[in-house]
Amino acid sequence: HVRAKHATVGLDDFGNLENIHFNNLDRDTLRVPLEQVTRFYDAWRAFSREVENPRNEVWFKLAPGELIIIDNHRVMHGRS
């Protein structure tokens, strides 16, 4: 069982975008005012389409014993 305790969209002290946690498998409970829920999910779907668009993907096939190190705060990444 996986559990997350962070905001899906993080803002800095000035309200600027600081990070996005994009993982539907371990996303925490949505905490937005009721009147913003539809707007949030519309934006999330649009963002998801861009993330999942093949033109925005780069694939690497690692051989046994190879390693790739990624800064989780700078690069969106996944595994297949």
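In the block above lies the structure referred to throughout.
Note on numbering: residues in each chain are counted from 1, in written sequence order. Local features in a predicted model are, by the rule used here, given only for residues with pLDDT of at least 70; side-chain atom pairs are given and counted only at 80 or more, and totals for whole chains, interfaces and linings are based on all residues. Excluded from the side-chain calculations are hydrogens and water; all other atoms, namely the structure's heavy atoms, are used.

1. Concerning the overall build of the chain
Regarding its fold elements, the chain presents 1 helix and 2 strands. For a compact globule the rule gives 2.2 Å times the number of residues to the power 0.38, and the radius of gyration it is set against comes from C-alpha atoms. A compact globule built from 80 residues should have a C-alpha radius of gyration of about 12 Å, whereas the chain, at 15 Å, is more than 25% larger. Residue burial in the chain is summarised as follows: out of 80 residues, 10% are buried. In this description, contact between two residues means that some pair of their heavy atoms is separated by no more than 4.5 Å. Looking at the chain alone, contacts between residues at least 24 apart form 30% of all its contacts between residues at least 6 apart. Just so you have it, the chain exposes about 7,600 Å², and 53% of that area is on carbon and sulfur atoms. Computing the positive centroid from 11 side-chain charges and the negative centroid from 12, the chain places the two 5 Å apart. Only DSSP runs of H or I covering at least 4 residues are called helices, and only runs of E covering at least 2 are called strands; the numbering of each starts at the N terminus. Throughout this description, buried means an accessible area under 20% of the type-specific maximum (1.4 Å probe, protein chains only), exposed means over 50%, and partly exposed covers the range between. Calculation of accessible area relied on Shrake-Rupley with a 1.4 Å probe; when residues are assessed, cover is drawn exclusively from the protein chains displayed. This count recognises Lys and Arg as positive and Asp and Glu as negative, with His and chain-terminal groups excluded. The atom standing in for a charge is NZ when the residue is Lys, CZ when it is Arg, CG when it is Asp and CD when it is Glu.

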